[in-house]
Amino acid sequence: MILTPVAFAAYSLLKSQDMGQQRLLTTDDMELNNFWDMRPSPDGKRLAYSRIGTDGVLCVRDLESGESTQVTSGEFISTPVWSPDGKRIAYWVVQPAEALKIVDVASRISSIPRNTDGLKLWPKAWSPEGERLLCVREVDATTASLVSLALERGEVTTLVTEG
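To start, this report covers the structure provided alongside it. (Residues numbered from 1 in each chain as written. Predicted model: local features only at pLDDT ≥ 70, side-chain atom pairs only at ≥ 80, totals over all residues. Heavy atoms only, no water.)

The next point concerns the nonpolar core. Counting 13 residues, the largest nonpolar core has Leu100, Ile102, Leu121, Trp126, Leu133, Cys135 and Leu151 as its most contacted members. Put simply, the parts of the chain that give this core at least two residues each are β8 (88–95), β9 (99–104), β11 (121–126), β12 (132–140) and β13 (143–150). Each residue touching tryptophan 126, except ones within four places of it in the same chain, is listed here: Val81, Trp82, Ser83, Pro84, Arg88, Ile89, Ala90, Ile102, Arg132, Leu133 and Leu151. With eleven residues, the next largest nonpolar core counts Ala48, Ile89, Val103 and Val105 among its residues. (Core = buried A, V, L, I, M, F, W, Y, C linked by side-chain atoms within 4.5 Å. Buried < 20%, exposed > 50% of the residue type's maximum accessible area, 1.4 Å probe, protein only. Helix = DSSP H or I, 4+ residues; strand = E, 2+ residues; numbered from the N terminus. Contact = heavy atoms within 4.5 Å.)

Turning our attention to the pairing of β8. Relative to β8, strand β7 (residues 76–82) runs antiparallel, the two sharing five bridges. Counted as the bridge partner of phenylalanine 76 is glutamine 95 from β8. Linkage of β7 to β8, two consecutive antiparallel strands, is achieved through a turn of five residues, within which glycine 86 is found at a positive phi near 75 degrees. Between β8 and β9, which follow one another and run antiparallel, lie three residues. (Pairing = 2+ DSSP bridges.)

This part takes up a nonpolar patch on the surface. A contiguous nonpolar patch, built from Leu146, Leu159 and Val160 and spanning about 230 Å² of accessible area, is present on the exposed surface. Tracing the sequence through the fold places leucine 146 in strand β13. (Patch = residues over 30% accessible without salt bridge, like charges linked within 9 Å, V, L, I, M, F, W, Y side chains within 5 Å. Areas by Shrake-Rupley, 256 points an atom, 1.4 Å probe, with all protein chains shown as cover. Salt bridge = Lys/Arg side-chain N within 4 Å of Asp/Glu carboxyl O.)

Our next topic: the sheet that holds β11. An order of β11-β12-β13-β14 is seen for the four strands of this open sheet, with the pairing classed as antiparallel. The open sheet has two edge strands, β11 and β14 (155–162), and neither has a second partner. Averaged over neighbouring strand pairs, the angle between their axes works out to 30 degrees when direction is ignored. (Axes fitted to C-alpha atoms, helices over the stretch in contact; angles between N-to-C directions.)

A word on the pattern of salt bridges. Within the structure shown, the criterion is met by four salt bridges. Measuring nitrogen to oxygen at the nearest pair gives 3.3 Å for the salt bridge that ties glutamate 98 to lysine 120. Here the residue glutamate 98 occupies a position in the loop between β8 and β9, and lysine 120 occupies one in the loop between β10 (109–111) and β11, the gap between them amounting to 22 residues. We classify glutamate 98 as partly exposed; its relative accessible area is 41%. Between arginine 153 and glutamate 155 there is a salt bridge whose closest N-O contact spans 3.3 Å. Several salt bridges share partner residues, and in doing so they unite Glu98, Lys120 and Glu138 into one network.

Take the pairing of strand β5 (residues 58–62) next. Taking burial as the measure, the five residues of β5 include four buried ones, the bulk of the element. Pairing analysis gives five bridges linking strand β4 (residues 46–51) to β5, with the strands arranged antiparallel. Bridge pairing in β5 links serine 50 to leucine 58. Bridging between β5 and strand β6 (residues 68–70) involves three bridges; their strand directions are antiparallel. Its bridge partner being in β6, arginine 61 is matched across the sheet by serine 68. In textbook terms, the turn of a hairpin is the stretch between consecutive antiparallel strands, and for β5 and β6 this stretch comprises five residues, one of which, glycine 66, has a positive phi near 85 degrees.

This brings us to the packing of aromatic side chains. Going through the model one piece at a time under the given rule, you end up with one aromatic pair. Ring centres of tryptophan 92 and tryptophan 122 lie 5.1 Å apart, and the angle between their planes is 50 degrees; on these two criteria the pair is classed as tilted. Separated by 30 residues along the polypeptide, tryptophan 92 in strand β8 and tryptophan 122 in strand β11 bring together distant segments of the chain. Look at tryptophan 92 and you get buried, because its relative accessible area is 2%. (Phe/Tyr/Trp six-rings, centres within 6.5 Å; stacked < 30°, edge-to-face > 60°.)

Structural data, given as structure tokens:
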């Protein structure tokens with residue numbers, strides 16, 4: 001789900017621990033309003049987003065402190081998806097070379113899942129145990145499949161194909 005800044009502000013009603021009340025997160029909360037493709041963490045305390053402009057890197061913002069941390073570099077990314085435990089983020093690299101990657105948020109180390117080199121896989125959701133990724137795979141210019149990627153084995157299973 002990609003949200004515009006206005007839709008994001010309406011979507012992001014968050015609890016403020018300082019006040020024990022809800023407050024609306026707005027574009028003023030983000031650095032220079034220079035962000036897109038945002039996803040809240042499973043616990044709702046952090047936000048993964050692509051910083052637009054010259055770099056398009058993946059950043060994570062702590063919503064309580066307001067601190068942002070850059071977790072990737074040298075890549076223009078999209079579609080960040082948090083793992084259920086909030087420790088990893090799957091994302092699609094748009095440039096310099098298209099690829100599905102997963103970053104460990106704490107160490108900031110990214111890797112390409114096994115057997116996915118050359119496949120166009122856009123992450124959509126993690127399985128509840130964090131062992132599989134549900135992705136959209138571009139088969140060709142007019143055909144796409146919904147696939148399940150078993151991360152440990154690197155096995156891609158087609159669930160549905162449209163096109």
